[in-house]
Amino acid sequence: MHRTDGDGADPRRWWMLGILSLALFAIVLNNGLLNVAIPVLMRDLGADIGQAQWIVDSYALAFAGVLLTAGAVADRFGRKRATLGGAAVFGAGSLVALGADGPGQLMAARVVMGLGAAFIMPGTLAIIVDVFPEAERARAIGVWSGVSALGVAAGPVVGGALVGHFWWGSIFLVNLVPVVVVLVGGALLLRESADRVPRPPDPVGALLGTAAMAGLVFGVIQTSGHALTSLPVVGGLAVAAAAGTVFVVWERRHPHPMLDTALLRRPAFIGASASILLLMLGLAGTLFVLTQRLQFVLGYTPLRSGLAVMPVAFAVALGTLLCPVLDRRAGARGCVAVGLSAAACGVLVLGQWGEGYPPVFAGLVLIGVGFGLSMAPTTHVVMSLVPPERSGSTASLDMTMQELGTALGVAVVGSVLAGRYADAMAGAPGSVGEALRAAERAGGEAGRVLAATARQAFDDASAAGLGVAAAAVAGGAVVAALLLPGRAGAEAAVAPSAVGPRESEPIPAHQGSAHPRA
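Just so it is clear, the structure is predicted and the values come from calculations on it, not from any experiment. (Residues numbered from 1 in each chain as written. Predicted model: local features only at pLDDT ≥ 70, side-chain atom pairs only at ≥ 80, totals over all residues. Heavy atoms only, no water.)

As a further point, take the environment of Arg-137. Within the secondary structure, Arg-137 is located in helix H5 (residues 134-165). Classification of Arg-137 as buried rests on a relative accessible area of 13%. (Helix = DSSP H or I, 4+ residues; strand = E, 2+ residues; numbered from the N terminus. Buried < 20%, exposed > 50% of the residue type's maximum accessible area, 1.4 Å probe, protein only.)

Attention now goes to helix H10 (residues 267-296). Taking 1.5 Å per residue, 30 residues should reach 44 Å; H10 reaches 43 Å between its end C-alpha atoms and fits that length. Where burial is concerned, most of H10 is hidden: 26 out of the 30 residues are buried. (Expected span 1.5 Å × (residues − 1).)

Our next topic: the confidence of the model for the protein chain. When pLDDT is averaged across the protein chain, the result is 78; 87% of the residues are at 70 or more. Within the protein chain, strand E2 (residues 504-506) has the poorest average pLDDT of any element, 41, and helix H9 (residues 231-253) the best, 89. Throughout residues 489-518 the model reports pLDDT below 50, and contacts reaching past four residues in sequence, or to other chains, amount to 66 contacts. (pLDDT = per-residue confidence, 0-100. Contact = heavy atoms within 4.5 Å.)

Looking at where Thr-124 falls in the secondary structure, it is placed in helix H4 (residues 103-131). By relative accessible area, Thr-124 is classed as buried at 0%. With sequence-adjacent residues up to four places away left out, Thr-124 is seen in contact with Leu-20, Ala-23, Thr-83 and Trp-144.

A few words on the packing of aromatic side chains. Under the counting rule described, the total for this entry stands at three aromatic pairs. Taken together, a centroid distance of 5.7 Å and an interplanar angle of 80° make the contact between Phe-296 and Phe-458 edge-to-face. One end of the pair, Phe-296, is in helix H10; the other, Phe-458, is in helix H16 (residues 444-483), and 162 residues separate them in sequence. No difference in accessibility class separates Phe-296 from Phe-458, as the two residues are buried. Ring centres 6.1 Å apart and planes at 70° place the aromatic pair Tyr-421 and Phe-458 in the edge-to-face group. Placement of the pair is Tyr-421 in helix H14 (residues 391-424) and Phe-458 in helix H16, with a sequence separation of 37 residues. (Phe/Tyr/Trp six-rings, centres within 6.5 Å; stacked < 30°, edge-to-face > 60°.)

Another aspect to go through is the nonpolar core. Counting residues in each nonpolar core, the largest one holds 140 residues, and the members touching the most others are Leu-106, Met-121 and Tyr-421. Counting five residues, the second largest nonpolar core, distinct from the first, contains Ala-315, Cys-323, Val-369 and Leu-373. (Core = buried A, V, L, I, M, F, W, Y, C linked by side-chain atoms within 4.5 Å.)

Here's what the structure looks like:
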């Protein structure tokens, strides 16, 4: 039996939250580490912009593609087992990445890491829903979301320090520290839980969903080097449309679907999912562009570029602190709409900055506050729409929207960046890194002209990409204002089934859960 407080809650729940948040932090941090290392990876591995996009997106596609299946597996076989197993796979993928000597090997390692992360993510949120009483759940989700945002903000700083003092592989080596802590601490502290009436996996749905997302992102990435009517672009988008259509039809007819299609008719779910997808699209695209712009155009070192992005960490913390106050007064609708509007303004400021650092600082602060205001309310809205026994699969769906937004952000904004740069530099070396290396080899006046031209072309292309990112985030603000529940409508947004009896129960201690003293 599990010891409980007077309200029936596990007294170790805040320690559990610490372990679960650390697992989430490790996953999110790694993407930030990679973003700041992209210029170095492009140089050392000989990768072009398209390959750099796939190094980022291969992780996101593997992650998003199996998230729904991972959530169903966690609900069926145990959320603790899924979380710790995913952490072990994530650590193994990080070890493989250390030995990569080419873009293809690094992409494969990132796929392994994405598969592991897919089993960590839904387990963390599902366990939080399971162990925290309703009165504390929103606060716990807020902490969980804040840690996620902190990982996003800390990634460039830590990555810059690692790449500046060590080699690029150190950004994967550092993953092993939190992985070990999560494996040991999770084995001792986390309690096991699973559905009393588990649903079987849906492998056909998983394959169809993965094919749809992979085709979509592949088609968008190919627009950077091919015409819109070319076979790679049209073929990728056609696969996405066909697989997506069959996926929806299959899920509506399957007796145990991964995706509860009834949610697709709930305005609150549509608003929360679309808002977070567009926020992540804009944020991922912005970071992809900004880290390169700071290094290629302004000549920052990796460490300096990481420190330049650091203000966003404090702004995220500020936004997370302000979120409960604004949420109580304006509901999820007002909180998320204000947050996304602030973030969109921040991206616009970054896109239009002139000389100097102050505009970068202002833009990052706006983005960080907006991110902190938006993450927890959207997640809480999604999780409140379903009963606790569906927490694993629903958390997977929420994470899928985030990862799909991340993948599309790098694809869309990266494609605009690459396309605009290629148009401006017709006949010159392919990427800005190649152009700068060619200028260094040429030397003299010709080298200086080539370097200045390449930097100006990349700066202009960056502004165009950031304009697209800002438009996406602004679109998310409109969606939030139209579809998310306000303060008065918050209760009405909760599905009736969410208030029913719990069908998820803890698994007895003899099945693998250890219980140290509280």
